[in-house]
Amino acid sequence: MGRRWRIGGGAAAVLLALGLAGALPGGASAERLRTGTLTVASAPSPALDATIDYTVYLPYGYAKATATRYPVLYLLHGRGDTMQAWTRVKADLDRMIADGEVPPVIAVLPDAPWSSRGNWYVDSAYTGADDPGRPVETALTRDLVAHVDATYRTAAHRGARLVGGYSMGGAGALRYALAHSDLFANALVLSPAVYRPLPPADSSAREFGAFGSGARRFSDEVYQQLNYPALLPGLDPESPVRMYVAVGDDEWANPDPADAAHDLDYEAATLYNTVRRADGVAAELRVLDGGHDWDVWRPAFVDGLKHLAGTLSVTPPAGLPGPVHGSAGTDWAGGVAAHPDGTTTIGYAASGPVDGQPYAGGLDAVVSRLATDGTTARWTTQFGTAANDRLYGLVPLADGGIIAAGYTRGDLDGKHPGSPADDAFVTRLTGSGQRAWLTQAGDPTKADRFYAVAPAPDGGAYVAGYTSGSFAGEAGAGDKDAVLARIGPDGRVAWSRQFGGPGEDKAYAVAADAQGVYVAGGTSVGLPGTTALGGTDGWLARYDPAGARSWVTSVGGAGDDLLGGVAISSTGTVLATGSTGGEATNGGSDVLTVAYTSTGRQGWRTVTGGHGADAGAEVVPLPDGAVAVVGFTNSTLGLPVGGADVLTVRLDARGRQLGVAQYGTARDDAADPFGEENVYATLGADGRLLVSGLTAGAPVGGGALGNGDVFLAVLDPTKGTP
């Protein structure tokens, strides 16, 4: 589920025009606008054996905020222009900073006079006596960046740098972002003068020696070696680049039909559709009304900087701590449990052997007890069949043991030979990892799964999930019915309840105390006794300890909604979280968190989200009365890291947001390849949050094991990151 931005067409052009109108002098905030300064300076360049002239923009308050560090924009001008060209966006920077649309930034506008101002920002190998090429790329990426970091109060890391440019400068910004992703995490590429595979015969890229070799002003081989297609295979997916590409729809049209593909609007679309498929690039394209001029570049600069501003941060994004757990293949998170002695148990499904344990085939269930350092395994138990066996939750027992639940496609208990479909199972392990009992249950010929488990007061458990048939002799109501079952301390099913409507109904979460049991899930048509809200609905139900239902209610809005996590606070408030499309405020899906009394009355509801897909997976009551929600986000709610990030939202006892943070790797975390949450959370013995989930990336310091690994993160709930 990589992050991909959508193409903007005519509607985007209208919006950009309106946005620019607000940026011009005379707006509502013009009288009180606090302005930055422009200063001309120079930087020594050993590569050039000369100096680099540049103009620097310093934001309002820079001189007084002596302890503050700033992100930096490097803005490259087009062929034949000078550093003066970019100074026209000063008013836009002043306004966007004053309005809080972008953080205060430093902007560096280098002058590039080499090769008759047609150097394309590369290291040229042209040696002609008329105007020999110079090492421009080395000078700007090494010497200028080092000088700026040493001279100004910058945040000297890639996440705090953006490189941008128009025309020839757009080509330079594109190359620098791809060839120097260790320096730049963000790129603003406007009407880039790039061509694939080679420039047309009349292109100025052929004229000035930028892509020359020896006495030749232009070399096909050199151009292709330096062009963006050659850079994409070498990208580091762990250092992703966010790229905003914009172009006008009235670019000059080559009169030769054979060169139509080299029109810059066509080339920009080709660029976008190439880089958006590259592992390590998140790209967005905007097509504006206009040509190859500032009528396009200025509004594109404003819109592009707003889009990229969320990733321009003085503080580096929070990574995922290692080590990760699992096999050399693709693994899936399956639960986390905390014990009073400070140890932690994690569960997951592994596609290979773990810690020398025998591997049965397909996906095996794995349970590992980790020492108080959270990394060393005291013991690991792996079990399964030749088919797939997955865990969906762990709960700790008073004697140090564990109850785990999930599903199997095989004969896990030795009593279901030739099982044709998934069966639900629940098992108890001792404090040393030995199996005490295992119960496999469900319809003999239809699919059954347990998706959640909660401890019962007597050492047994409650499990919840679904059945496609008859779980325990009850007639099915629809395609899939939700299931709730009470498991005794000996592993026997004390009672079960199957319920649903004519569509697909699943239970995803369960929580219990001595007074009752709460189940949450999703329904495609609506559960009996509820009002269908539209799309798929979330639902929440209460049962008494004997299995009698007290109430059930639908939760959500007119779009697609579900509840995937539920918990009970110390005051008896029932808390549930999931996702909502019907109430999403900015598009995509948002995190939905609700609170109910034990009698079924809603106390509050909170929606948290951005422009992407966001979902809550677990809700954890905190000792101070606050609530921690853990899930994933594809939006910029905190400081984004990669694809889907692990999300932490902290709410007070009334549902008001106290904080939000995200962390992860350059790839997807806490979400599986299908865009569904795969993350678990619980409160540790020391009051910190324990979060375990799926990661497709590498933790801080490296060390990925396979195509999908399982992480364990420990975090302060007030901070929200490891």
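Residues numbered from 1 in each chain as written. Predicted model: local features only at pLDDT ≥ 70, side-chain atom pairs only at ≥ 80, totals over all residues. Heavy atoms only, no water.

**A few points about unusual backbone geometry**
Each neighbour pair has its own omega, and for Arg 196 with Pro 197 the value is 5°, a cis peptide bond. On the secondary structure map, Pro 197 appears in the loop between β7 (186-190) and β8 (213-214). Backbone geometry at Ala 670 places phi at a positive 70°, although glycine is not the residue there. For Ala 670, a relative accessible area of 0% gives the class buried. (Helix = DSSP H or I, 4+ residues; strand = E, 2+ residues; numbered from the N terminus. Buried < 20%, exposed > 50% of the residue type's maximum accessible area, 1.4 Å probe, protein only.)

**Comments concerning the packing of aromatic side chains**
Taken as a whole, this structure holds 23 aromatic pairs when the rule is applied. Between Trp 86 and Trp 294, the aromatic rings sit 5.2 Å apart at their centres with planes inclined by 90°, giving edge-to-face as the arrangement. One end of the pair, Trp 86, is in the loop between β3 (72-76) and α2 (90-98); the other, Trp 294, is in helix α9 (residues 294-309), and 208 residues separate them in sequence. Taken individually, Trp 86 and Trp 294 each receive the classification buried, so the pair is uniform in this respect. (Phe/Tyr/Trp six-rings, centres within 6.5 Å; stacked < 30°, edge-to-face > 60°.)

**Here we look at the packing of helix α4 (residues 136-151) against helix α5 (residues 168-179)**
Where α4 contacts α5, the axes come no closer than 12 Å and their chain directions differ by 60°. Compared by their axis directions, α4 and α5 come out oblique. The crossing of α4 and α5 is right-handed. Facing Val 136, Glu 137, Leu 140 and Thr 141 of α4, the residues of α5 in contact are Arg 175, Tyr 176 and Ala 179. (Axes fitted to C-alpha atoms, helices over the stretch in contact; angles between N-to-C directions. Parallel < 35°, antiparallel > 145°, perpendicular 65-115°, else oblique. Left-handed = near helix turned anticlockwise from the far one by under 90°. Contact = heavy atoms within 4.5 Å.)

**Notes on the pattern of salt bridges**
In this structure the tally under the stated criterion is 25 salt bridges. Of the charged contacts, one joins Arg 667 and Asp 279 as a salt bridge, the two residues approaching to 2.9 Å between their closest N and O atoms. With a gap of 388 residues between them, Arg 667 in the loop between β34 (657-663) and β35 (679-683) and Asp 279 in the loop between α8 (264-275) and β10 (281-288) connect regions that are remote in the sequence. Between Lys 506 and Glu 504 there is a salt bridge, with its nearest N and O atoms 3.9 Å apart. (Salt bridge = Lys/Arg side-chain N within 4 Å of Asp/Glu carboxyl O.)

**A short note on empty space enclosed by the protein**
Here the idea is plain: a probe the size of a water molecule rolls over the atoms and shows the empty space left. Going through the model one piece at a time under the given rule, you end up with three cavities of 30 Å³ or more. In this structure, the largest cavity is lined by 14 residues; those nearest its centre are Ala 171, Arg 175, Val 194, Leu 226 and Asn 227. Looking at which element gives the most residues to the lining of the largest cavity, the answer is α5, with four residues. Across the lining of the largest cavity, the residue classes break down as 12 nonpolar, one polar and one charged. Each pocket or cavity is described by its volume, and for the second largest cavity that value is around 50 Å³. If you trace the second largest cavity, you find it lined by Tyr 74, Leu 76, Pro 110, Leu 140, Leu 144, Val 145, Val 163, Tyr 176 and Phe 184. For the lining of the second largest cavity, the secondary-structure elements that each account for two or more residues are β3 and α4. It is α4 that provides the largest number of residues to the lining of the second largest cavity, a total of three residues. (1 Å grid on protein atoms, 1.4 Å probe; cavity = no way out; pocket = protein on both sides within 12 Å on 5 of 7 lines; lining within 4 Å. Points joined across faces, edges and corners; volume = space filled by probe spheres on them. Nonpolar A, V, L, I, M, F, W, Y, C, P; charged D, E, K, R; others polar.)

**Here's the deal with the confidence of the model for the protein chain**
When pLDDT is averaged across the protein chain, the result is 93; 95% of the residues are at 70 or more. Considering only residues more than four positions removed or in separate chains, one finds that residues 1-30, a stretch of pLDDT under 50, has 59 contacts. (pLDDT = per-residue confidence, 0-100.)

**Quick notes on the sheet that holds strand β33 (residues 645-651)**
Sheet strands line up and pair through hydrogen bonds in the backbone, either parallel or antiparallel. If you trace the four strands from one edge of the open sheet to the other, you get β31-β32-β33-β34, paired in antiparallel fashion. If you trace the sheet from one side to the other, it starts and ends with β31 (614-621) and β34, each paired once. Averaged over all neighbouring strand pairs, the angle between strand axes comes to 20°, with direction disregarded. Pairing between strand β32 (residues 627-633) and β33: seven bridges, direction antiparallel. (Pairing = 2+ DSSP bridges.)

**Here we look at the pairing of β32**
Burial analysis of β32 places seven of its seven residues in the buried class, which makes it a mostly covered element. Here β32 shows no split at all, with Val 627, Val 629, Gly 631 and Thr 633 on one side and Ala 628, Val 630 and Phe 632 on the other all buried. Two strands pair when backbone bridges link them, and β31 and β32 are joined in this way by seven bridges, in the antiparallel orientation. For Gly 616, the partnering residue across the bridge sits in β32 and is Gly 631.

**A short note on the nonpolar core**
The nonpolar side chains of a soluble globular protein tend to be buried, and buried together. Phe 211 and Met 243 are the most contacted members of the largest nonpolar core, which totals 65 residues. The dominant element in this core, judged by the number of residues it contributes, is α5, at seven residues. (Core = buried A, V, L, I, M, F, W, Y, C linked by side-chain atoms within 4.5 Å.)

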